[in-house]
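# Examination of the molecular architecture
So the chains spell out like this:
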Amino acid sequence: QVQLVESGGGLVQAGGSLRLSCAASGRTFSDYAMGWFRQAPGKEREFVGTISRSGGRTMYAASVKGRFTISRDNAKSTAYLQMNSLKPEDTAVYYCAAESSSYYSTPTREADFGSWGQGTQVTVSS
């Protein structure tokens, strides 16, 4: 399995921005579609977005579409989640995940992903 480490979380005011990074190791990064999920206190973990192996395809949850952007740099084995116009309801632990998939796949289900990072806390104050 690929190992994943998230970074970049922190405290930000509403309307601000953060960029999360997910560094991968142990396997060929470009063999994996990458997803981002989040879990708020007392809630189930939910899908945020996903990016295909090449980076050519992305999908987003309705709640973040237009505000969040997923990208990847296969040369650096790193995926990113750029979060703009943050809202207090975006407060959660954010996880990146990897799925060994077909080239154009954009998986969205938690069960699709076999490798997970440890999570990074994002707190948005009002």
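Summarised in this report is the structure supplied together with it. (Residues numbered from 1 in each chain as written. Predicted model: local features only at pLDDT ≥ 70, side-chain atom pairs only at ≥ 80, totals over all residues. Heavy atoms only, no water.)

## Notes on the overall build of the protein chain
How we decide: Working definition: helices are DSSP H or I runs of at least four residues, strands are E runs of at least two. Numbering for both runs from the N terminus. Exposed residues in this analysis have more than 50% of their type's maximum accessible area, buried residues have under 20%, and partly exposed residues fall in between, with area computed by a 1.4 Å probe over protein chains only. It only takes one pair of heavy atoms within 4.5 Å for two residues to be counted as in contact. Under the convention used here, a 1.4 Å probe and the Shrake-Rupley method define accessible areas, while residue burial counts only the protein chains that appear. A residue counts as positive if it is Lys or Arg and as negative if it is Asp or Glu; His and the chain ends are not included. Charge positions come from single atoms, namely NZ of Lys, CZ of Arg, CG of Asp or CD of Glu.
Each helix and strand in the protein chain was counted, giving zero helices and eleven strands. The linear arrangement of helices and strands in the protein chain, starting from the amino end, is β-β-β-β-β-β-β-β-β-β-β. Along the first, second and third principal axes, the C-alpha atoms of the protein chain reach 40 × 25 × 25 Å. Expressed as a percentage of the 126 residues in the protein chain, the buried residues total 46%. When contacts within the protein chain are restricted to residue pairs at least 6 apart in sequence, long-range pairs at least 24 apart make up 60% of them. Looking at the protein chain as shown, the accessible area adds up to about 6,100 Å², and 45% of this sits on carbon and sulfur atoms. Both charge centroids of the protein chain, one from 13 positive and one from 10 negative side chains, sit 5 Å from each other.

## Some details on the side chain of T50
Filter applied, for reference: Polar contact is the term for a pair of N or O atoms within 3.5 Å; when the atoms are in protein, one must be able to donate a hydrogen and the other to accept it, and sequence-neighboring residues count only if both atoms are side-chain atoms.
Inspection of the secondary structure assignment puts T50 in strand β5 (residues 46–51). Residue T50 is classed as buried on the basis of its relative accessible area, which comes to 0%. Among the polar contacts made by the side chain of T50, one reaches the main-chain carbonyl oxygen of M34 at a distance of 3.1 Å. Engagement of the side chain of T50 in a polar contact is seen with the backbone oxygen of P107, the distance being 3.0 Å. If sequence neighbours within four positions are ignored, T50 has contacts with M34, G35, R57, T58, M59, I70, T106, P107, T108 and F113.

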